[in-house]
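In case you want the letters, here they are:
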Amino acid sequence: MTADAARSNDPSARTPDGGGLAESPFLLACRRRPVPHTPVWFMRQAGRSLPEYLRVREGVPMLESCARPDLIVEITMQPVRRYAVDAAIFFSDIMVPLRAVGVDLDIKPGVGPVIADPIRDAAGLDVLRPLSPDDVPYVTEAVEGLVGELGATPLIGFAGGPFTLASYLIEGGPSKNHERTKAMMYGEPELWARLMERLADLTIAFLKVQVAAGASAVQVFDSWVGAVAAQDYRESVLPHARRVFAEIEPLGVPRIHFGVGTGELLGLMGEAGADVVGVDWRVPLDEAVSRVEPGKALQGNLDPAILFAPWETVERRARDVLARGRTAEGHIFNLGHGVLPSTDPDMLARLADLVHEASSEDPH
Ligand code: 1CP
C-alpha cells in the first residue's frame, strides 16, 4: 500500500483486497447499514488492564509513550491481538494536542493530567495557538504504520471534546465538581466562548491529522460534559461541538460523540452532528433511541463494573444490551465508559466473542 493510499479517505483504497475495510462491521454499523454481526470495541481497550501494556510502559512516562511511534503502534495493536474487537483505538491521550502546542502539563500516574499554569483569564488563552501537523509528526507516523498493520480492521482516531479539555485547563487537573470551569462558563461568557473556540480548533486539527494519515473513524470524548445542564449545554457547548463535527464531515469518516452522565443531553449531543451517539450505562439503549433524533447509530453501553460480576451475569446483561441495541438504526457494542484498570482481560475476550456469537444468530 502506498502512503497516498493510506492517506486517502476512500476506505476501499486502504486494503490490498480493495474493499475489506469499507465492509467492516464497525464502519457499516456507524453508517446504519446491515451487519453480519454487531461490532464491538472497548473504550480504553489499549493500556490500563493489559499486562503486556504495563511491561512496555515500564519506565516510560505517559506523555513520552504518546510521542513514540513504535510504542503507539505496539500498544494500539495489543488489544486487537488479544480480543476479537472490530476496531482499534489509537493510543494517545486527549491532552496530547495541548502539550503539542506548548501547554505546560504532565500526566501523573494515579492522578491524571496536571496543568502547571491553569487558564483563568484572557492572557492565559495565548498559549493555545493553532495546531499544525508538524507539531505531532509522531501521530502521523504511528497512524500510517497502524493502518498498514491493521488491514481490514478500522482505526478510530480521537480527541477530547471542548468542555472536557476546558475543565482540565481551568481547574488545573481532574475535578469532581468543575466549579471554576462552570464559574467561567456562567460568569464570563465571552472569555468562555473564546476558550471554547480555540479548543474546538485544536480538536478539529488533531482529528484531521489522524484522518489524513488513515484513521477510518473518529470519536470525540467529551467525557465530563454530563456535568452541564441541558440549557447550558445548548448555549455554551453545543455551538462549539457542532463546529467540530461540521468541519470533520467533509473528511467522509464516521464521527462518534461520547460523554458520561449525558442522559439529559443525548438529544443535543445528536444535534451536534455526529453519526453515532455514545451512551453510558445509565440510559438503556432503547430509551436512548427515543432521546436521539432519527438518523443516528448508537454506541454502548454495558456498565464496565459488570465485568467484575460472575460470567453468567455478564452474559445476561450483554444479551440485554444487544436486544435493546436492535431498536437503534445501527448499534456498536461497547462499555458505557472505559475499561476499568483492574478488569480481567479474559472477561473482555469472552465478552467480545459473546457479542459476535449472539448477534450473528440474530443479525441487526
Ligand atoms: O484505549 C486506550 O486507553 C486508548 C488511549 C487513551 C484514551 C482514549 C488514553 C490513554 N486516554 C484516553 C482518553 C482520555 N484521557 C479521556 C477520555 C476517555 C475517558 O473518559 O476515559 C480522558 C478524560 C483522559 C484524561 C486522562 N488521562 C485521565 C483521567 C483523569 C481524570 O480526570 O479522572 C487519566 C488517568 C489519563 C492518563 C492516561 N491516558 C491513557 C492512559 C493509558 C493513561 C494512564 C496513564 C499511565 O498509564 O501512566
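Here is what the cut-offs are and how they apply
Residues numbered from 1 in each chain as written. Predicted model: local features only at pLDDT ≥ 70, side-chain atom pairs only at ≥ 80, totals over all residues. Helix = DSSP H or I, 4+ residues; strand = E, 2+ residues; numbered from the N terminus. Expected span 1.5 Å × (residues − 1). Buried ≥ 20, exposed ≤ 12 C-beta atoms within 10 Å, placed from the backbone. Arc of directions from axis to C-beta. Contact = placed C-beta atoms within 7 Å. Near = placed C-beta within 6 Å. Nonpolar A, V, L, I, M, F, W, Y, C, P; charged D, E, K, R; others polar. UniProt positions renumbered as here; feature names shortened; annotations may be inferred.

> How should helix 14 (residues 311-325) be read in this particular structure?
Three or four residues apart is the spacing at which side chains of an α-helix point the same way, because the helix has 3.6 residues per turn. Its 15 residues place the ends of helix 14 21 Å apart at the C-alpha level, agreeing with the 21 Å of an ideal helix rising 1.5 Å per residue. Those residues of helix 14 that sit buried are Val 314, Ala 318, Val 321, Leu 322, Arg 324 and Gly 325. Along the axis of helix 14, the buried positions cluster into a sector of 165 degrees, meaning they face one direction only. Exposed positions of helix 14 whose direction lies more than 90 degrees from the buried face are Glu 312, Thr 313 and Arg 316. In the core, the buried residues of helix 14 are packed alongside helix 13 (285-291), strand 8 (297-302), strand 9 (331-335) and helix 15 (345-361).

> Before we go on, may I ask you to explain the site of the ligand in this structure?
Residues in close proximity to the ligand total 22 residues, the closest being Ala 46, Gly 47, Gly 112, Pro 174 and Ser 223. Tallied by class, residues from the shell around the ligand come to 11 nonpolar, seven polar and four charged.

> Sorry if this is basic, but what is going on with the UniProt feature "binding site: substrate" (unreviewed entry) in the chain here?
Per the UniProt entry, the sites bearing "binding site: substrate" (unreviewed entry) are Arg 44, Gln 45, Ala 46, Gly 47, Arg 48, Asp 93, Tyr 168, Ser 223 and His 337 in this numbering. A stretch of 294 residues holds the annotated residues, and the largest C-alpha distance among them is 22.6 Å, long enough that they do not meet in one place. For Ala 46, the position within the fold is in the loop between helix 2 (25-30) and helix 3 (51-57). Judged by local crowding, Ala 46 falls into the buried class, with 23 C-beta atoms found within 10 Å. Setting aside its immediate chain neighbours within four residues, Ala 46 contacts Ile 75, Thr 76, Gln 78, Pro 79, Ile 89 and Phe 91. Locating Asp 93 in the fold gives a position in the loop between strand 1 (88-89) and helix 6 (96-100).

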